[in-house]
Amino acid sequence: MTIQLKDSSLLKTQAFIDGAWVDGDKGETFAVTDPATGQHLADVASVGADETRRAIAAADRAMIEWKALPAKSRSDVLEKWHQLIVDNTEDLAVIMTAEQGKTLAESRGEVAYGASFVKWFAEEGKRVYGDIIPTPSDRRGVVVKQPVGVVAAITPWNFPNAMITRKAGPALAVGCAIVLKPAAETPLSALALVELANRAGLPAGLFSVLPGMDAPAIGGEMTSNPTVKKVTFTGSTPVGKLLMKQCADTVKRTSMELGGNAPVIIFDDADLDLAIAGALTAKYRNSGQTCICANRLLVQEGIYDAFVEKFSAAVSEFRIGNGFEAATTHGPVITEKAAKEIHSKVQNAVEEGATVVIGGQPGEQGACFYQPTVLTNVTEDMRVFREEIFGPVAPVFKFSTEADAIRMANDTEFGLAAYVYTESMGRSWRVSEAVDYGMVGVNETAISSEVIPFGGVKESGQGREGSKYGLDDYLETKYICFGALQR
């Protein structure tokens, strides 16, 4: 398969290290395929620990001059990068749909979302403020914020554009350099982004991209190299825990955006149509492959049957297929392995008494497809309650009281996002404060943007991305004491 682009030079297959496109030292490559068709897209250079070490060294050198620039100068380069992303939206979207599978409309939306982080942090980087602290003597205490140092980033396949800009934007804005390992399933989006950053005038070495199949070698160098001062990761909780352990030896700063098990709590007094629309978006966006995806629909018993009927009718209108086809509403999941794991969870639920209202089987379109599914008669001991599904499967649970809903929502080690539907102002406050999640949407599931602090609690991670708070994870706070001021 040939990816048809307006600018064919955006389709890169080499690693980008120290401002140059290079092959891996061993000449190894790995294949990138279209999950919708199984067709071969490209062979991409596969790098390892040695190339990662060189990229880190180049980042350290490049950062010396970059962090010394006025914030306005760094902002100007990021503004150019933002505009290049916007100008090349269609090509970036085509690349994303080809390697990730989401519909072209969703890909265009993600490119805009990704660009928004570059724009936001280009501006916000000019507003890194300090303090003057009054002291009980003739001294003056001054607090300044400085870039943390070289940043190593590891990003996932489900949002192969935005998860990069959400990390690179703040890092570069405050004066850091960044070395990135993109997911092996979706390296082409990352390589296109760094090509545009290079065109925008980002200095050589400041932003390197390291595609590769040997994640332990690349990640191991990132976590052990003392030059790296911070590791930021978006992905599964088990991998996040491993990275945190590896970072402990050199006491690196870490940011972790990990797994989720988001509940949507729908009370009897909710606007049912609004709740259904929100739940559909939250559950099935990107074919259920989002970390803040609605994993458990908790519906109060008074409206349970009406919700299931209308929700299932809406799901029946979905059309799964190739993301490039206009009629497609939902594309494939990322791999055949992922589709099999989704089906395993559904089968487990059915074996334990769940009812399939709609779907419940692999899709006929190919090995990576799974039918949009709705399950009822589900219980709290099933895998679909305990585990992140990461696919187009909606288990609908019944609850009786507000206390039941809160208990069920909190009965998980995860705590990324939760959603509440109610017309009661008091209940919206009570439940929002009672659920143990980093983000709560009330009568809304489209909660993410560049201006909000994205992140979770418990085993869903640490740190926040986006918003003014997103800069803090890339800054060190330094106290300076000025004495002898009366001399």
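Quick note: structure is the one above.
Summary of the structure given here. (Residues numbered from 1 in each chain as written. Predicted model: local features only at pLDDT ≥ 70, side-chain atom pairs only at ≥ 80, totals over all residues. Heavy atoms only, no water.)

## Here's the deal with the sheet that holds strand E18 (residues 439–442)
Step number 1: Read from one edge of the open sheet, seven strands run E14-E15-E16-E13-E12-E17-E18, paired in mixed fashion. Edge positions in the sheet fall to strand E14 (355–358) and E18, since each has one partner strand and no second. With direction set aside, neighbouring strand axes in the sheet form an average angle of 25°.
Step number 2: Pairing of strand E15 (residues 373–376) with strand E16 (residues 393–399), which is carried by three bridges, proceeds in the parallel orientation. Among the inter-strand pairings, Thr 373 is bridged to a residue of E16, identified as Val 393.
Step number 3: The strands that helix H14 (residues 425–434) touches are strand E12 (262–266), strand E13 (294–300), strand E17 (417–421) and E18; relative to E18, the one it contacts most, it runs at about 160°. (Pairing = 2+ DSSP bridges. Helix = DSSP H or I, 4+ residues; strand = E, 2+ residues; numbered from the N terminus. Axes fitted to C-alpha atoms, helices over the stretch in contact; angles between N-to-C directions. Contact = heavy atoms within 4.5 Å.)

## Some details on unusual backbone geometry
Step number 1: For Asn 377, which is not glycine, the phi torsion reads 55° and is therefore positive.
Step number 2: Along the chain, Asn 377 turns up in the loop between E15 and helix H12 (383–386).
Step number 3: In this structure, Asn 443 is a non-glycine residue whose phi angle is positive, near 55°.
Step number 4: If you trace the backbone, Asn 443 turns up in the loop between E18 and strand E19 (461–462).
Step number 5: In this structure Asn 443 comes out as partly exposed when scored by relative accessible area, which is 24%. (Buried < 20%, exposed > 50% of the residue type's maximum accessible area, 1.4 Å probe, protein only.)

## Looking at the pairing of E17
Sheet faces and side chains relate simply in a regular strand, where the side chains alternate between the two faces.
Step number 1: Where burial is concerned, most of E17 is hidden: five out of the five residues are buried.
Step number 2: For E12 and E17, the ladder comprises three bridges, and the chain directions are parallel. Looking at the pairing, Ile 266 lines up with Tyr 421 of E17.
Step number 3: Inspection of the sheet shows E17 paired to E18 by four bridges, in the parallel sense. What sits directly across from Ala 418, in E18, is Val 440.
Step number 4: Once the chain exits E17 it traverses H14 before rejoining the sheet at E18, and the crossover so formed is right-handed. (Right-handed = clockwise from strand over helix to strand, strands pointing away.)

## Overview of the pattern of salt bridges
Step number 1: Across all of its chains, the model carries 30 salt bridges by this definition.
Step number 2: Among the salt bridges present, the one from Asp 472 reaches Lys 145, with a minimum N-O distance of 3.9 Å. Note that Asp 472 is positioned in the loop between E19 and strand E20 (475–482) and Lys 145 in strand E6 (residues 140–147), a separation of 327 residues in sequence.
Step number 3: Under the relative-accessibility criterion, Lys 145 is labelled partly exposed at 35%.
Step number 4: Here Lys 167 makes a salt bridge to Glu 465, at a shortest N to O gap of 2.7 Å. Residue Lys 167 is found in helix H5 (residues 162–174), and its partner Glu 465 is found in the loop between E19 and E20; the two are separated by 298 residues along the sequence.
Step number 5: Residue classification places Lys 167 among the buried residues on the basis of a relative accessible area of 1%. (Salt bridge = Lys/Arg side-chain N within 4 Å of Asp/Glu carboxyl O.)

## Description of the nonpolar core
Step number 1: Ranked by size, the top nonpolar core spans 83 residues in total, and within it Ile 3, Trp 81, Ile 85, Leu 172, Ile 178, Leu 202 and Phe 207 carry the most contacts.
Step number 2: Dropping the residues within four chain positions of it, Ile 85 is found in contact with Leu 92, Val 111, Ala 115, Val 118, Thr 165, Leu 193 and Leu 196.
Step number 3: By size, the runner-up hydrophobic cluster in this structure holds 33 residues, among which are Ala 282, Ala 294, Tyr 304 and Tyr 419. (Core = buried A, V, L, I, M, F, W, Y, C linked by side-chain atoms within 4.5 Å.)

## Digging into the packing of helix H3 (residues 89–100) against helix H6 (residues 187–199)
Step number 1: Where H3 contacts H6, the two axes come as close as 8 Å, and the packing angle between them is 160°. Classified by the interaxial angle, the pair formed by H3 and H6 is roughly antiparallel. Note on packing geometry: the crossing formed by H3 with H6 is right-handed. Across the interface between the two elements, Leu 92, Ile 95, Met 96 and Glu 99 of H3 pack against Pro 187, Leu 188, Ser 189, Ala 192 and Leu 196 of H6.
Step number 2: When the residues that make up the contact of H3 with H6 are grouped by side-chain class, the tally is seven nonpolar, one polar and one charged. (Parallel < 35°, antiparallel > 145°, perpendicular 65-115°, else oblique. Left-handed = near helix turned anticlockwise from the far one by under 90°. Nonpolar A, V, L, I, M, F, W, Y, C, P; charged D, E, K, R; others polar.)

## Details of the pairing of E13
Step number 1: Counting buried positions over the seven residues of E13 gives seven, a clear majority of the element.
Step number 2: As paired elements, E12 and E13 share five bridges and run parallel to each other. If you follow Ala 262 over to E13, its bridge partner there is Ala 294.
Step number 3: Following the backbone out of E12, through helix H9 (residues 272–284) and into the adjacent parallel E13, one traces a crossover that is right-handed.
Step number 4: Note: E13 against E16, four bridges, orientation parallel. Paired with Leu 298 across the two strands is Phe 397, which belongs to E16.

## Some words on H14
Side chains three or four residues apart in an α-helix point the same way, a direct result of the helix having 3.6 residues per turn.
Step number 1: Residues of H14 that are buried include every one of Arg 427, Ser 428 and Val 431, and no others. Looking straight down H14, one finds its buried side chains confined to an arc of 100°; they lie on one side. Along H14, the residues that are exposed and aim more than 90 degrees away from the buried face are Met 425, Trp 429 and Glu 433.
Step number 2: In the core, the buried residues of H14 are packed alongside E12, E13, helix H13 (402–410), E17 and E18. (Arc of directions from axis to C-beta.)

## Focus: the sheet that holds strand E5 (residues 131–133)
Step number 1: Pairing is antiparallel across the open sheet formed by three strands, whose spatial order is E5-E6-E20. The sheet is open, and its two borders are formed by E5 and E20, each paired with just one other strand. When the angles between neighbouring strand axes are averaged without regard to direction, this sheet yields 25°.
Step number 2: In this structure, E6 lies alongside E20, joined through eight bridges in antiparallel fashion. When the bridges of E20 are listed, Val 143 appears paired with Tyr 479.

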